[in-house]
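Coordinate analysis (summary)
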Amino acid sequence: MTQTIWTGRRKLLRLSLGAAAATLLPGCRISENETVEAALKRVSRFNDAAQAALFRPQTLAPTFSRSELTLPFRFNAFYSSASVPEIDESQWRFKVDGLVRKPGEWTLKELKALPPQTEITRLVCIEGWSAIGQWTGVPLSHFLALIGADTSAKYVAFRCADGYYTSIDMASALHPQTMLAFSFNGQDSLPDEFGFPLRLRIPTKLGFKNPKHLTGLTVSNEFTSGYWEDLHGYNWFAGL
Ligand SMILES: Nc1nc2c(c(=O)[nH]1)N[C@H]1C(S)=C(S)[C@@H](COP(=O)(O)O)O[C@H]1N2
Ligand SMILES: [Mo]
């Protein structure tokens, strides 16, 4: 649950809150009936709340110029690049449900017809590497407005064609740089390995919060976690 120590006030504050969670929270003593794992999960959820409280909705992640693009870009998934799903665009739909006034399905063509935004940002993987890329897509805040999402709901959860899943807090979903990306480095579409046909691009969070090959989203007040969060106990908020 402890974050890497970076420079910057927010990061240090976050670290100290994490430490406070471990040592000072009255309810944080591990009882005989609780496994260490369950206790750590509880501390990590406290850390989620601390990060959410410290999140500044208008503070932008750094952006870069075309000359700074990482070429070739780096692939990562819970499988090798040989096993990347091949998705047939004619069959693919993006399904939206949950606390939205207009649940339904979107084709890639419909999504690409929405006013796009382009950003060159850094994707930071928890495994210790980062890469700079250019993504184009529809700002998630705009898309949520279009589907009549209840933006007072707590979470937006995403599901993917390869079984991957994760969810994010609403404040991060509404951040101006958060987008449903459908193109990469100026190409017409996302390359297969980088998430065709649609991925979440959220430069204020770690790479594993950027699901590829999206098939749908759910707006909800119920907490659902994510693939790596469930499997390896990665911190759910995962802010940068
Ligand atoms: N559908 C899906 N999305 C995913 C993953 C995955 O395995 N499946 N891996 C995540 C991880 S851990 C990272 S670091 C980034 C990597 O994205 P990239 O291949 O564009 O570098 O995708 C994220 N999104
Ligand atoms: Mo990652």
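Everything discussed here concerns the structure shown above.
Quick look at the structure, then. (Residues numbered from 1 in each chain as written. Chains lettered and ligands numbered in written order. Predicted model: local features only at pLDDT ≥ 70, side-chain atom pairs only at ≥ 80, totals over all residues. Heavy atoms only, no water.)

A short note on the sheet that holds strand 6 (residues 165–169)
To be explicit about the condition: When DSSP finds two or more bridges between a pair of strands, those strands are recorded as paired. Strands are runs of DSSP state E lasting at least 2 residues, helices are runs of H or I lasting at least 4, and numbering of each runs from the N terminus. The angle between two axes is taken between their N-to-C directions and runs from 0 to 180 degrees, where each axis is a line fitted to C-alpha atoms and a helix contributes only its stretch in contact.
Pairing within the open sheet is mixed, and its five strands lie in the order 2-1-9-5-6. Lying at the two open borders of the sheet, with one neighbouring strand each, are strand 2 (104–106) and strand 6. Between one strand axis and the next, the sheet turns through 20° on average, direction left out of account. Bridge analysis of strand 5 (residues 155–160) against strand 9 (residues 214–220) gives six bridges, and the strand direction is antiparallel. Bridge pairing in strand 9 links Phe158 to Leu217.

Observations concerning the pattern of salt bridges
A side chain of one charge can pair with a side chain of the opposite charge when the charged atoms of the two come close. Rules: By salt bridge we mean one thing: a side-chain nitrogen of Lys or Arg within 4 Å of a carboxyl oxygen of Asp or Glu. Only protein chains enter the accessibility calculation, which uses a 1.4 Å probe; a residue is then buried when its area is under 20% of its type maximum, exposed when over 50%, and partly exposed in between.
Applying the stated rule across the entire model yields five salt bridges. Linking Glu34 and Arg42 is a salt bridge whose minimum nitrogen-to-oxygen distance equals 3.0 Å. On the basis of relative accessible area, Arg42 is assigned to the partly exposed category, the value being 32%. Its salt-bridge partner being Asp169, residue Lys205 comes within 2.9 Å of it at the nearest N-O pair. With Lys205 in the loop between strand 8 (199–201) and strand 9 and Asp169 in strand 6, this pair connects stretches of sequence that are 36 residues apart. Just as Lys205 is buried, Asp169 falls in that class too.

Here we look at the pairing of strand 4 (residues 129–139)
Buried residues dominate strand 4, accounting for ten of its eleven residues. The loop that links strand 3 (residues 117–125) with its antiparallel partner strand 4 comprises three residues; one of these, Gly128, has a positive phi angle of about 105°. Pairing geometry for strand 4 and strand 7 (residues 179–184), over five bridges, is antiparallel. Counted as the bridge partner of Gly137 is Ala181 from strand 7.

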